[in-house]
Amino acid sequence: MAVERTDFIRDIIERDLEAGTYQSVVTRFPPEPNGYLHIGHAKSICVNFGVALDFKGKTNLRYDDTNPTKEDVEYVESIERDVRWLGFEPAAVLFSADYFGRMYELAERLVTEGKAYVCDLTDDQIREYRGSLTEPGKPSPFRDRSVAENMDLLRRMRAGEFPDGARVLRAKIDMASSNMKMRDPLLYRIRHAHHHRSGDAWVIYPMYDWAHPIEDGIEGVTHSICTLEFENNRELYDWVLDNTGPWTPRPYQYEMARLVLDYTVMSKRKLLTLVTGNHVNGWDDPRMPTIAAMRRRGYSPEAIRAFCEMIGIAKTNSSVDIDKLEYCIREDLNKTAPRVLGVLRPIEVELTGWKGGTEVLDAPFFPPDVGKPGSRQVPFSGRVLIDREDWSDDPPKDYKRLAPGRTVRLRYGYCITADEVIERDSTGNATKLRATVHMETGGGKNPEQKVWGVIHWVDAASSLPVEMRLYDRLFKVPKPEEGGQDFLEQIDPKSLEVVRGARVEASLAAAAVGSRWQLERVGYFVVDPDTKPGAIVMNRTITLRESAKAAVTAQHVAISEPTGRNPKAQTRPKTKSPQEQRMEARARDPELMTAHAQIAAMPVITADHADLLTGDMHTAKAFRIVADMVPPELAAKWMINELPRALGDRGIESVDAAELGKLLAAVHAGSLGPSAAKTVLAELVRTGRPFSELKGAAPTPAVDLGAAVEAVIAANPEKAAQYKAGKTGLLGFFVGQVMKTSPNADAAAVNEAVRERLS
RNA sequence: UCGGGGAUCGUCUAAUGGCAGGACGCAAGACUCUGACUCUUGCUAUCUAGGUUCGAAUCCUAGUCCCCGAACCA
């Protein structure tokens, strides 16, 4: 069985399906059509479509087009194209604009129920009334308008009677909420603007927080996956659903970390700046992180999907190495890109000893280890072109290419020995060589001379001119946005180098636009759409990996600056600790204060424990009951250290203190082992059944454990050997195994038995 | 705790009280008609301090650091 890919979202879905909460999974990918999709969206697409595929559900592509002033059909078209190109088929392509009518009806319903009101405050006033992170807001003076007045005003808003910004519809929730999103959030604003889809049908447009949950509800979305910055919106998401439903299925929102990638920027605003400021050549400039750009650069959808799988899904803010993306690209292209020959900066080589005429060599498209069939004909005559980088007048140590007097093999062809430089340019670089060709070295046979390496070449007569666009990372530094610097100044001027005199073998004459090739020893290339008949343009997708020894050219220096302190964090007000909260709770409640005094007075109870046990009345009462049945220190230890795990999300009031007391009495009496007791405790909390129905057995004496220990050791001889060799961490493994077969065993005794047996 | 999240190799991510694992990266080597690919070996981590437990990355306590939230954006 294949290893299951697991992440917290799939875990949740699996639980939901098992529990029968949902019969099937529906997700959605909800881009706003105000820009091109980028690699960060690719992650979201892979997650949303991926989980649906895994659980045989479906995924909608839904445009979250609730803001007519920012959106455009150009983006709508590019988005759908990119999603499909990535390899995903939306179950439906939908627009939130198509739900405007339904959303409006629900808004009227809210008004009718007194849960929403029309507010005439200006945007400045609204902000002011909202309060701050540390201070509550104050109610709008329009908060208590009558239902009739609100309805009248809302309808007139819709009818276009008021100018932009004159009024808004707000939910009536709680201006003092600690969650700013709940302080009477805006539901509708007036915008006399043309919408790319609904045209001029509406002059009021819903806000994201109102629209999104309703869209999910209408579409029957079960798991609404978004990024971390929407965590604060979840409470409002739930409020909207709860006050507009019932919805079946009821959607829930889950947040994951967005993708942050080295050497690039991802915000739409910055991407737009790059495009509109002509720092790049449009949204699909191959240096951009957009899907369209990556496609033009020669990345395959498979590689991008592999990358998205590699980086995983979690809630930790993280920044992914660009190496991982590049690895995925190379890995895919290595298996799929046919090999051909091409030289970037040609040097001409005249061959002496050539038999004359043109020979046609058969060269395979793939190396043997890729194992794919196919070959092409490569002409070879008395004049060849090699790459400038493959010639050195004064070769460094380890140079495996051509140099005076040295012999190399021309890939798939003959070995040649360099005789002399017969032409140099003004800067002294060789431009024309004479070399001797060893005719006996065809078909892989070696000459008498040492062969220093294998180099690529093209036939001077038949090769084709190509414009090569060599792309590299757009930015010079891994984090162009960091340190308060202007990201535009971090653009690497060398990120695009256009090479015009390049040549490729004749077989590429009819290469299709978009086809991907490996130019052997040079890199992976794709035929660019700018290609015209007789004028091929190729983009370098990525270089081949170079081992450190071969890296002659300057590397990108990874400047890892110490992460700057966040000013917000510094100004963060000093917060109250849980300890302070407990003290305050006691200050408010004299009864709790008394309980604390009493418990603290017990000689066996530490001050810390007394504090922890009297943070609220439920805990204090439970402790009193339990401490009457067993020694108080035992009660305290279990209630503080063991009970929380058994409770999980439940409150302490969900456990019957008297039953807990009975359980601990059994532990105290020795009729129930501590390990078994933890299991029983979990059951007690989970099922709510009385202890008498659950009680486990007393621990098995150590003398009975010998056989169990032997069995486990015999079943894992190699682990036993490792343990004896010093890997003592395996002790836990052995104890765990024994405990699995003998649940009533005394773990301490098992521990001792294993230790002795293996010493 | 204003409120909500988070912290595991250099990077990304597993381990849901029982072997800290995988991948990228890096290093060394093998192979090679691509200095590629492939293969072998190695490297490096549980934020800190206490506690509970036979056993803690995981539970409890105190602390540290980071992210998000006061658009009529999404």
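Everything that follows concerns the structure shown earlier in this document.
Please read these numbers as outputs of a predicted model, since none were measured by experiment.

**Quick word on the overall build of chain A**
Consideration 1: Of regular secondary structure, chain A possesses 25 helices and 25 strands.
Consideration 2: Its C-alpha atoms give chain A principal-axis dimensions of roughly 105 × 90 × 45 Å.
Consideration 3: Counting the 759 residues in chain A, one finds 48% classified as buried.
Consideration 4: Sequence separation of at least 24 residues holds for 69% of the intrachain contacts in chain A that already meet a minimum separation of 6.
Consideration 5: As presented, chain A carries roughly 37000 Å² of accessible surface, and 51% of it is formed by carbon and sulfur atoms.
Consideration 6: Each charge sign in chain A was given a centre, from 100 positive and 108 negative side chains, and these centres are 2 Å apart.

**Describing the sheet that holds strand β3 (residues 92-95)**
Consideration 1: Ordered by their spatial adjacency, three strands build an open sheet running β1-β2-β3, and the pairing between neighbours is parallel. Each of the sheet's edge strands pairs with one partner strand only, and the pair in question is β1 (26-29) and β3. Averaged over all adjacent pairs, the angle separating strand axes in this sheet is 30°, with direction ignored.
Consideration 2: Here β1 runs beside strand β2 (residues 58-63); their pairing, made up of four bridges, is parallel.

**Quick word on helix α18 (residues 632-647)**
Every α-helix winds through 3.6 residues per turn, so residues three or four apart in the chain are directed the same way.
Consideration 1: The sharpest bend along α18 measures roughly 40° and falls at methionine 639.
Consideration 2: Listed as buried for α18 are Pro632, Leu634, Ala635, Ala636, Trp638, Met639, Ile640, Leu643, Ala646 and Leu647.
Consideration 3: Taken together, the buried residues of α18 touch α16 (607-613), α17 (617-629), α19 (657-669) and α20 (674-687).
Consideration 4: In the stretch just after α18, glycine 648 is the one whose phi turns positive, near 60°.

**Details of the packing of helix α4 (residues 100-112) against helix α7 (residues 208-219)**
Consideration 1: The geometry of α4 relative to α7 is characterised by a closest axis approach of 11 Å and an angle of 115° between their N-to-C directions. Taken together, the axes of α4 and α7 are roughly perpendicular relative to one another. Crossing hand, α4 versus α7: right-handed. Only Trp210, Ala211, Ile214, Glu215 and Ile218 of α7 make contact with α4, whose side of the interface consists of Arg102, Met103, Leu106, Ala107 and Leu110.
Consideration 2: The class makeup of the residues in the contact of α4 with α7 is eight nonpolar, no polar and two charged.

**Let's talk about the packing of aromatic side chains**
Consideration 1: Under the defined criterion, the tally for this structure stands at 17 aromatic pairs.
Consideration 2: Centroid distance tryptophan 354 to phenylalanine 380: 5.1 Å. Interplanar angle 50°. Geometry classified as tilted. Of the two residues, tryptophan 354 is situated in the loop between β12 (346-352) and β13 (359-364) and phenylalanine 380 in strand β14 (residues 375-380); the sequence distance between them amounts to 26 residues.
Consideration 3: Here the aromatic rings of phenylalanine 380 and tryptophan 457 are separated by 5.0 Å at their centres, their planes lie at 75°, and the arrangement is edge-to-face. Taken together, the positions of phenylalanine 380 in strand β14 and tryptophan 457 in strand β20 (residues 457-459) put the pair 77 residues apart, joining distant regions of the chain. Take phenylalanine 380 and tryptophan 457: they sit in the same class, and that class is buried.
Consideration 4: Through a chain of ring-to-ring contacts, three or more aromatic side chains come together here, namely Phe100, Tyr104, Trp202 and Tyr205.

**Observations regarding the environment of alanine 627**
Consideration 1: Considering the arrangement of structural elements, one finds alanine 627 in helix α17.
Consideration 2: As a C-alpha pair, alanine 627 and valine 655 span 28 residues in sequence and 15 Å in three-dimensional space.
Consideration 3: Discounting residues that sit within four places of it in the chain, alanine 627 has contacts with Pro632 and Ala635.

**A look at empty space enclosed by the protein**
Consideration 1: If you walk through the whole model with that rule in mind, you get two cavities of 30 Å³ or more.
Consideration 2: Space inside the largest cavity adds up to approximately 190 Å³.
Consideration 3: Arg287, Arg297, Tyr299, Ile322 and Leu325 are the residues nearest the centre of the largest cavity, which is lined by 18 residues in total.
Consideration 4: Counting only elements with at least two residues in the lining of the largest cavity, the list comes to α10 (291-297) and α12 (322-336).
Consideration 5: When residues of the lining of the largest cavity are assigned to their parent elements, the largest contribution, three residues, is made by α12.
Consideration 6: Taken together, the residues that form the lining of the largest cavity break down as 11 nonpolar, one polar and six charged.

**Describing the pairing of strand β6 (residues 186-190)**
Consideration 1: Counting buried positions over the five residues of β6 gives four, a clear majority of the element.
Consideration 2: Bridge analysis of strand β5 (residues 168-171) against β6 gives three bridges, and the strand direction is antiparallel. Residue pairing for β6: valine 168 is matched across the bridge by arginine 189.
Consideration 3: By the bridge criterion, three bridges tie β6 to strand β7 (residues 204-206) in an arrangement that is antiparallel. Its bridge partner being in β7, arginine 189 is matched across the sheet by tyrosine 205.

**Re the environment of methionine 207**
Consideration 1: Examined against the element boundaries, methionine 207 turns out to sit in the loop between β7 and α7.
Consideration 2: Taking the C-alpha atoms as reference points, methionine 207 and proline 185, separated by 22 residues in sequence, lie 9.2 Å from one another.

**As for the side chain of aspartate 528**
Consideration 1: In this structure, aspartate 528 sits in the loop between β24 (523-527) and β25 (536-542).
Consideration 2: Classification of aspartate 528 by relative accessible area gives buried; the value is 0%.
Consideration 3: At 2.8 Å, the side chain of aspartate 528 and the side chain of arginine 296 are in polar contact.
Consideration 4: For aspartate 528, the side chain forms a polar contact with the main-chain nitrogen of aspartate 530, separated by 2.8 Å.

**Some thoughts on the side chain of serine 177**
Consideration 1: Mapped onto the elements, serine 177 comes out in the loop between β5 and β6.
Consideration 2: Among the polar contacts listed, one links the side chain of serine 177 to the backbone nitrogen of asparagine 179, at a separation of 3.0 Å.
Consideration 3: Excluding residues within four positions of it along the chain, serine 177 makes contact with Met182 and Arg183.

**Digging into the sheet that holds β12**
Consideration 1: In space, the seven strands of this open sheet follow the order β19-β16-β17-β18-β12-β15-β20, with mixed pairing throughout. Two strands lie at the open edges of the sheet, namely β19 (451-455) and β20, each paired on one side alone. On average, each strand axis in the sheet is inclined to that of its neighbour by 40°, with strand direction left out of account.
Consideration 2: Judged from the five bridges that link them, β12 and strand β18 (residues 430-438) form a sheet pairing that is parallel. Residue pairing across strands places leucine 351 opposite alanine 435, the latter belonging to β18.

**Looking at the pattern of salt bridges**
Consideration 1: Inspection of every chain in the model, using the stated rule, returns 57 salt bridges.
Consideration 2: A salt bridge links arginine 109 to glutamate 113; the shortest N-O distance between them is 3.2 Å.
Consideration 3: Glutamate 113 gets classed as partly exposed once you look at its relative accessible area, which sits at 39%.

**As for the packing of α19 against α20**
Consideration 1: Look at α19 against α20: their axes get within 11 Å of each other, and the N-to-C directions meet at 170°. The orientation of α19 relative to α20 falls into the category roughly antiparallel. Here Glu659, Leu660, Leu663 and Val667 of α19 lie close against α20, whose contacting residues are Ala677, Val680, Leu681 and Leu684.
Consideration 2: A breakdown of the residues in the contact of α19 with α20 according to their chemical character gives seven nonpolar, no polar and one charged.

The rules behind the values
Residues numbered from 1 in each chain as written. Chains lettered and ligands numbered in written order. Predicted model: local features only at pLDDT ≥ 70, side-chain atom pairs only at ≥ 80, totals over all residues. Heavy atoms only, no water. Helix = DSSP H or I, 4+ residues; strand = E, 2+ residues; numbered from the N terminus. Buried < 20%, exposed > 50% of the residue type's maximum accessible area, 1.4 Å probe, protein only. Contact = heavy atoms within 4.5 Å. Areas by Shrake-Rupley, 256 points an atom, 1.4 Å probe, with all protein chains shown as cover. Lys, Arg positive; Asp, Glu negative; His and termini not counted. Charge placed at Lys NZ, Arg CZ, Asp CG, Glu CD. Pairing = 2+ DSSP bridges. Axes fitted to C-alpha atoms, helices over the stretch in contact; angles between N-to-C directions. Bend = angle between axes of the 7 residues up to and from the residue. Parallel < 35°, antiparallel > 145°, perpendicular 65-115°, else oblique. Left-handed = near helix turned anticlockwise from the far one by under 90°. Nonpolar A, V, L, I, M, F, W, Y, C, P; charged D, E, K, R; others polar. Phe/Tyr/Trp six-rings, centres within 6.5 Å; stacked < 30°, edge-to-face > 60°. 1 Å grid on protein atoms, 1.4 Å probe; cavity = no way out; pocket = protein on both sides within 12 Å on 5 of 7 lines; lining within 4 Å. Points joined across faces, edges and corners; volume = space filled by probe spheres on them. Polar contact = N/O pair within 3.5 Å; in protein donor to acceptor, adjacent residues only side chain to side chain. Salt bridge = Lys/Arg side-chain N within 4 Å of Asp/Glu carboxyl O.

Purely geometric stuff here, so don't read any function into it on its own.
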